[in-house]
Amino acid sequence: FSSLIFFTHFDKISPEVFKERWMLYKHSIISTIEGKLTMYLDDTTTQIISTSPIYGYGLGNFIRISPYAQKEFMERPRVNELGDKYMETPIHRYEHVHNDILEWFFETGWLGLGFLFLVFYDILKKFVTARKTKIILISSSAILAHVICSMGIYTVQTVVSGMLLVIFLGIFYGEIQEQNNILQYKDNPSY
């Protein structure tokens, strides 16, 4: 409800901003799948960066590569007061894709994305088979909220929220291990 108030009364999302973000998502995905993108270092200098779609562009390289490759979709056609058409390049560039899963795919490729989905699968499988204690419910809810938020902002990459993810993952896996230890002790009291 508070988000609805914020987005309708305070933050005016223009079609241009929405299109920029959508094109950033699309550009990040396509350049990773194709394994190639063009960096525009200045008005006359370009550099083609190639990689394997299996491995991506490398950890931490979104912020080093992508802002220089956004010229293709960030330029906007404009008309000056004399009626001359020209392309305007906005001052800003996106240093993050504002979606941790897409940025992870850009940096680690198909291999990293597959690994990430294995982690998601492991957490889901353990949650479904675990006894639903308060600790399991709270920690898994915190992890789910973190994953949802990470698709709109870069929560994993900020120290405070990234550390909260680590803490709640530790609590979740610790409770799963504790439940497994109790089951093993019941089956074998000498354990």
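Scroll up for the structure.
Residues numbered from 1 in each chain as written. Predicted model: local features only at pLDDT ≥ 70, side-chain atom pairs only at ≥ 80, totals over all residues. Heavy atoms only, no water.

Q: Go over the packing of helix H5 (residues 100–129) against helix H6 (residues 134–150), please, and point to the residues and values.
A: It is at 13 Å that the axes of H5 and H6 come closest, and there the two elements cross at 160 degrees. When the axes of H5 and H6 are compared, the pair comes out roughly antiparallel. Two packed elements cross with a definite hand, and for H5 against H6 that hand is left-handed. Across from Asp-100, Phe-120, Ile-123 and Phe-127 in H5, the residues of H6 making contact are Ile-136, Leu-137, Ser-140, Ile-143, Val-147 and Ser-150. (Axes fitted to C-alpha atoms, helices over the stretch in contact; angles between N-to-C directions. Helix = DSSP H or I, 4+ residues; strand = E, 2+ residues; numbered from the N terminus. Parallel < 35°, antiparallel > 145°, perpendicular 65-115°, else oblique. Left-handed = near helix turned anticlockwise from the far one by under 90°. Contact = heavy atoms within 4.5 Å.)

Q: Account for H6, with residues named and values stated.
A: Between the first and last C-alpha of H6 there are 24 Å, a value that for 17 residues agrees with the 24 Å anticipated at 1.5 Å per step. When we look at burial in H6, the residues that qualify are Ile-136, Ser-139, Ser-140, Ile-143, His-146 and Ser-150. With its buried residues spanning 120 degrees around the axis, H6 presents them on a single face. Turned more than 90 degrees away from the buried face of H6 sit Lys-134, Ile-138, Leu-144 and Ile-148, all of them exposed. (Expected span 1.5 Å × (residues − 1). Buried < 20%, exposed > 50% of the residue type's maximum accessible area, 1.4 Å probe, protein only. Arc of directions from axis to C-beta.)

Q: Go over the pattern of salt bridges with me, naming the residues and quoting the values.
A: Note on pairing: side chains with opposite charge can pair once their charged atoms come close. On inspection of all chains with the given rule, the structure shows one salt bridge. One salt bridge connects Asp-122 with Lys-126, and the closest N-O pair in it is separated by 2.8 Å. Residue Asp-122 and its partner Lys-126 are both found in helix H5; the two are separated by four residues, about one turn of the helix. Residue Lys-126 is classed as partly exposed on the basis of its relative accessible area, which comes to 26%. (Salt bridge = Lys/Arg side-chain N within 4 Å of Asp/Glu carboxyl O.)

All we've got here are geometric facts, nothing functional implied.
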